[in-house]
Structures are given as structure tokens and as C-alpha cells.
Amino acid sequence: MKPTTSPKTYKVKSFGCQMNVYDGERMAEMLGEQGIVPAPEGEDADLVVLNTCHIREKAAEKVYSDIGRISKAGAEAGKQPLIAVAGCVAQAEGEEIMARAPAVSMVVGPQAYHRLPEMLDKAVKGERATDTDMPAIAKFAALPERRRTAPASFLTVQEGCDKFCTYCVVPYTRGAEISRPYSDLVTEAKKLVDAGAKEITLLGQNVSAWSGENEKGHPVGLAGLIRDLAKVDGLARIRYTTSHPADMDDELIAAHGEIDKLMPFLHLPVQAGSDRVLKAMNRSHTAESYLKLLDGFRAARPDLALSGDFIVGFPGETDAEFEETLALVDEVGYAQAFSFKYSPRPGTPAATMDGQVPKVVMDERLQRLQAALNRDQLAFNKNTVGRGCEVLVERKGKHPGQWLGKSPWLQSVWFEGRAQIGDLVQVDLVEAGPNSLAGKLREAVAA
Ligand code: SAH
Ligand code: SF4
Ligand code: F3S
């Protein structure tokens with residue numbers, strides 16, 4: 001590869017989960033420290049970071065088509081950008097990317113991206129570099145301070161997963177579970193608030209497994225962390241995601257009834273309604289234990305909005321077992337949910353299991369499941385019509401004078417009137433659609 005000049009502009013494109021969004025922001029901050037600025041909207045960047053996701057086949061394939069598109073555009077413009085592949089595909093397929101895509105000069109895994117600036121120095125000299133180490137010391141200490149952020153921000157508190165669900169790549173791409181230290185999190189949360197955050201979503205692949213020691217040296221779990229973050233002045237809302245049913249303790253359930261700033265929303269993936277399938281997935285819960293857990297949360301916070309993840313067509317799933325998923329959905333009444341066709345991932349136990357389900361069967365099951373989930377989402381939204389609630393304004397709407405934000409139940413709400421991004425406003429919910437609600441602005445409250 002030819003030596004090139006130092007990049008002046010960058011673009012970070014993040015795919016996949018919210019943790020990738022967080023990582024993408026942190027990489028952008030690091031590049032900013034190097035004096036590289038975001039490429040203006042619609043213009044090509046000198047450096048493109050593809051922050052990738054490996055969770056399903058389609059997500060991973062996107063990387064190669066994106067690389068192809070970027071280098072074709074570069075060739076047409078007579079100037080090839082530097083391309084870095086980061087994220088979970090980088091971790092899982094680093095060598096393959098280097099072999100298959102000569103246009104890529106940097107491959108950096110999710111635990112190594114603090115080394116991006118060094119790699120960039122090499123790339124500028126024409127050297128290609130791969131770093132997919134998973135160092136025991138966390139990358140976080142090497143990242144610059146938080147200076148700018150959105151009203152609704154993410155904060156990674158826990159990373160990695162030890163659960164090894166048989167279909168999932170995350171334990172391989174993100175490594176073993178680690179919890180970031182309590183004091184670092186309190187510090188970062190305060191910085192985010194100083195930088196404009198009103199809401200913080202605590203992130204982890206298995207966030208409810210977070211544990212640490214508070215400033216007095218006492219052990220604390222996620223509930224204790226939330227309790228202490230709720231004391232941060234200027235922080236109005238706290239959320240957390242994603243939890244595993246096995247790590248939800250009574251203190252966290254109680255927190256939902258006791259901490260006003262903890263929003264009435266819980267994303268708790270179940271994956272399937274059949275106990276046989278759940279066992280084959282190596283999920284450590286049953287349909288019944290999951291439902292019982294939800295009862296506890298709903299008792300603590302009756303207006304709790306529930307969200308989940310589902311996989312249809314796990315190897316060996318029969319029609320009758322899929323019906324059990326539909327029955328569970330009917331029983332829970334989710335406010336929203338994500339549902340996916342099973343995708344065999346290289347290196348995971350389920351990929352070589354007997355009874356791989358034909359695509360047509362998966363398509364049909366996904367359609368039926370999504371119809372049920374959409375029905376429940378609309379019902380949930382309609383049920384909130386007539387209520388007043390606080391909305392955090394996150395961006396401008398399509399039309400002049402229109403604003404978009406989130407309700408406490410994580411619904412998208414649009415309304416018209418005097419407001420600005422970052423305001424917490426009181427809105428009456430007047431009309432519900434499947435994906436958003438219309439609100440009427442009541443009065444501005446102190447933001
Ligand atoms: N850490 C989170 C998220 C994992 S990935 C958690 O444990 O819930 C998000 C969702 O993707 C999972 O909950 C699961 O529903 C889905 N998923 C993971 N691997 C998959 C696969 N191989 N095929 C289809 N969906 C998958
Ligand atoms: Fe993947 Fe299971 Fe871990 Fe979630 S809990 S990240 S689905 S292995
Ligand atoms: Fe995807 Fe990695 Fe997140 S595989 S879902 S980006 S943890």
C-alpha cells in the first residue's frame with residue numbers, strides 16, 4: 001500500500017448494538033484529539049472507520065460490500081480513503097478481512113480500539129496493522145475525557161459475556177465479562193451530564209451482572225450503582241440494557257419502585273417460549289421462571305414497559321414449540337420487541353446442531369411472531385393515549401416547529417411548539433401509531 005498523507009477528516013459508521021454506538025463515539029473522540037474532524041455531511045472522509053457487528057450473517061456481510069463501495073467511490077474521486085474495520089467482525093474475522101480486502105489498512109477489535117491512533121500512524125506510512133488483543137487492563141483508561149454528548153447518552157458499565165448461549169458470538173467477540181470500576185463510572189456519568197446529557201443508558205452485554213465497590217469499599221451491584229447515579233445533579237433519567245434473566249436480583253426489582261429517575265422500561269430478552277428450546281440454547285431460565293420474574297418487576301412498577309428479544313427457527317424448533325413462543329408473547333404483552341431468524345454463526349455450538357430449520361419455515365414463523373408483537377406494541381401505545389408524560393427532546397422533527405423525543409416508556413413522541421434539543425417537556429399523548437405517538441405540549445419544565 002502506498003504511503004499517504006495524514007487524514008484530515010473522518011467518518012465512523014457504527015452497526016449493531018448500542019455498545020457499538022458508544023464505542024463509535026469514543027473512537028470519534030480519540031480521532032478528534034488527533035486533530036481529525038468529522039467529514040461534512042455528504043462529503044467523503046479521508047479516514048473511514050467501519051464499526052461492525054457479527055451477530056447475524058447479514059450484519060457481517062455488510063462489511064465487505066461497504067468496503068467495496070468506499071474504495072470504488074475513492075477510485076472514482078482519485079483519492080483512496082484509509083479504511084479501518086473495527087467492532088465484532090474485526091475481532092472474529094480479522095485475518096480474513098486483511099486477506100480479502102486489500103483496501104483495508106487497519107483491523108481493530110472492540111477491546112483494542114484505544115490503540116487506533118498508533119495504528120493510524122503506521123497506516124499513514126503504508127503499513128497495514130491488525131490488533132485484536134483482549135488486554136486484561138481495560139481500554140477505558142486510555143480514552144480521552146467526555147466533552148460533547150447527546151441529551152440521551154450511553155455509558156458502557158460492563159462488557160463481555162460469560163453466558164455462552166449456543167447461538168451467540170458475543171462471548172467470542174467481546175470476551176469475558178468485565179465490570180468497569182464504580183468510581184470511573186460515577187466520574188464519566190458526571191462528565192456526560194456536564195457535557196449535556198439528561199439521560200444515561202447504562203450498557204453491558206450482560207449489564208445486570210455488573211458489580212463493583214463503592215467509595216466506602218462496600219460491594220455494590222447494578223441497583224446500587226443506579227441508586228448512586230440518581231444522586232448526580234442534572235441527570236434526569238437512567239436506563240440500563242441488556243439484562244439476562246439469570247442475573248436480576250431483588251434489589252434491582254425493588255429499585256424500579258423506588259428510584260424516580262429509573263425509567264419504567266425493561267428490556268429482558270427471553271429468546272423463546274419452549275423450555276426444551278431454551279435448554280438447547282443454554283439459556284438458564286424457563287418460560288415460567290421468566291414470567292415470574294416479570295411479575296416481580298410489574299409488582300414493583302405497575303406501569304413498566306417490557307421489551308424483549310426473540311429468535312425463531314433455532315435448530316430443532318418444532319411448530320408446537322414455536323406456538324409456545326407465541327403463547328408467551330400473548331401472556332406478556334410487550335411494549336416493543338426485537339425478533340430475528342436464527343442465523344448460524346461460525347464457531348458457535350448451535351451452528352452444527354441437527355435439525356436446522358428451513359428458511360421458508362423461519363420466514364413464516366417470523367411473520368407470525370412480528371404480527372403478534374406489532375399488535376401488542378400498538379395496543380401499548382394506544383393505552384398511553386390520554387396520559388401526560390415527560391418527553392426528553394432529542395431532535396427536530398420532519399416539519400418546521402416539530403420536535404421528536406422519548407417518553408419514559410421509550411416511545412418516540414413528536415409534538416409542535418417552543419422547545420429545544422435537551423429540554424424535558426410535559427406533553428399530553430393524544431394519538432398513537434405503531435411506532436410513534438403524537439403529543440401536545442403542555443408547559444416547559446426546567447431542563
Ligand atoms: N447481550 C444481549 C444482546 C445479544 S445480541 C443479550 O444477551 O441479550 C441481541 C440479540 O440478537 C439476542 O438477544 C438474540 O435475540 C439475537 N441473536 C444473537 N445471536 C443470534 C443468532 N445467531 N441468530 C439470530 N439472532 C441472534
Ligand atoms: Fe449472547 Fe447469550 Fe451473552 Fe446475550 S447472554 S450476549 S445472547 S451469549
Ligand atoms: Fe453486534 Fe458485537 Fe454488539 S456482534 S450486537 S456489535 S456486541
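A. The overall build of the protein, seen in detail. Looking only at helices and strands, the protein features twelve helices and 21 strands. C-alpha extents for the protein along the principal axes are approximately 60 × 60 × 50 Å. Out of the 447 residues in the protein, the part that is buried amounts to 53%. Long-range pairs, those at least 24 residues apart, make up 70% of the contacts in the protein between residues at least 6 apart in sequence. Just so you have it, the protein exposes about 20100 Å², and 51% of that area is on carbon and sulfur atoms. Side chains of the protein give 53 positive and 61 negative charges; the mean places of these two sets differ by 5 Å.

B. Expanded view of the sheet that holds strand 2 (residues 37–38). Strand order in this open sheet of six strands is 2-1-3-4-5-6, and the pairing throughout is parallel. Only two strands of the sheet have a single neighbouring strand rather than two, namely strand 2 and strand 6 (129–131). Here helix 2 (residues 57–77) sits on the sheet and contacts strand 1 (9–14), strand 3 (47–52), strand 4 (82–86) and strand 5 (104–108); the angle it forms with strand 3, its principal contact strand, is near 170°. Packing against the sheet, helix 3 (residues 87–100) makes contact with strand 3, strand 4, strand 5 and strand 6, and its axis sits at approximately 135° to strand 5.

C. Summary view of the nonpolar core. Counting 80 residues, the largest nonpolar core has Leu202, Tyr240 and Tyr334 as the members making the most contacts within it. If we ignore the near neighbours within four places in the chain, the residues touching Tyr334 are Val270, Tyr290, Leu306, Ser307, Gly308, Phe310, Leu328, Val329, Leu373, Asp376 and Gln377. Leu50, Ile83, Met98 and Val104 belong to the second-largest nonpolar core, a separate cluster that totals 20 residues.

D. Structural view of the site of ligand 3. Taken together, Cys17, Asn20, Thr52, Cys53, His54, Ile55, Cys88, Val170, Arg174 and Gln205 form the complete shell of residues around ligand 3. Looking at the shell around ligand 3 residue by residue, the class counts come to five nonpolar, four polar and one charged.

E. Quick peek at the site of ligand 2. Lining the immediate surroundings of ligand 2 are Cys161, Lys163, Phe164, Cys165, Tyr167, Cys168, Val170, Pro171, His244 and Arg283. The class makeup of the residues in the shell around ligand 2 is seven nonpolar, one polar and two charged.

F. The packing of aromatic side chains, seen in detail. Considering all chains together, one arrives at four aromatic pairs under this definition. With 5.6 Å between their ring centres and 75° between their planes, Phe164 and Tyr172 make a pair best called edge-to-face. Each ring, one from Phe314 and one from Tyr342, has its centre 5.6 Å from the other, and the planes form 70°; the classification is edge-to-face. With Phe314 in the loop between strand 15 (305–312) and helix 11 (319–332) and Tyr342 in the loop between strand 16 (336–341) and helix 12 (359–384), this pair connects stretches of sequence that are 28 residues apart. Among the residues examined, Phe314 registers a relative accessible area of 0% and is labelled buried. Ring pairs connect the aromatic residues Tyr167, Phe314 and Tyr342, which therefore count as one cluster. Between Arg56 and the ring centre of Phe340, over which it is positioned, the NZ or CZ distance is 3.6 Å. One cation-aromatic arrangement involves Arg180 over Phe140; the distance from NZ or CZ to the ring centre is 3.8 Å.

Reading the values: rules and limits
Sequence positions are assigned chain by chain, starting from 1 and proceeding in written order. Naming scheme: in the order in which they are written, chains are lettered from A and ligands are numbered from 1. The predicted origin of the model limits local features to residues at a pLDDT of at least 70 and limits the giving and counting of side-chain atom pairs to 80 or more, whereas totals for whole chains, interfaces and linings rest on all residues. To obtain the side-chain values, all non-hydrogen atoms of the structure were used and water was disregarded. Secondary structure elements follow DSSP: runs of H or I no shorter than four residues count as helices, runs of E no shorter than two count as strands, and numbering proceeds from the N terminus. Only protein chains enter the accessibility calculation, which uses a 1.4 Å probe; a residue whose area is less than 20% of its type maximum is buried, one above 50% is exposed, and one in between is partly exposed. We call two residues contacting when some pair of their heavy atoms lies within 4.5 Å. Under the convention used here, a 1.4 Å probe and the Shrake-Rupley method define accessible areas, while residue burial counts only the protein chains that appear. Asp and Glu are treated as the negative residues and Lys and Arg as the positive ones, with His and the ends of the chain left uncounted. In plain terms, the charge of a residue is placed at NZ if it is Lys, CZ if Arg, CG if Asp and CD if Glu. Think of it this way: DSSP has to see at least two bridges between two strands before they count as a pair. In this analysis, axes come from line fits to C-alpha atoms, helices being fitted only over the stretch in contact, and the angle between any two N-to-C directions falls in the range 0 to 180 degrees. Buried residues of nine kinds, namely Ala, Val, Leu, Ile, Met, Phe, Trp, Tyr and Cys, make up a nonpolar core once their side-chain atoms join them within 4.5 Å. Any residue with a heavy atom positioned within 4 Å of a molecule or strand is treated as near that molecule or strand. Asp, Glu, Lys and Arg are counted as charged, while Ala, Val, Leu, Ile, Met, Phe, Trp, Tyr, Cys and Pro are counted as nonpolar; the rest, among them Gly, fall into the polar class. Ring geometry is summarised as follows: Phe, Tyr and Trp rings, the Trp one being its six-membered ring, pair when their centres sit within 6.5 Å, and such pairs are stacked at plane angles under 30 degrees, edge-to-face over 60 and tilted between the two. Definition used: whenever NZ (Lys) or CZ (Arg) falls within 6 Å of the ring centre and also within 35 degrees of the ring normal, the charge is taken to sit over that ring.

Taken by themselves, the reported measurements are silent on function.
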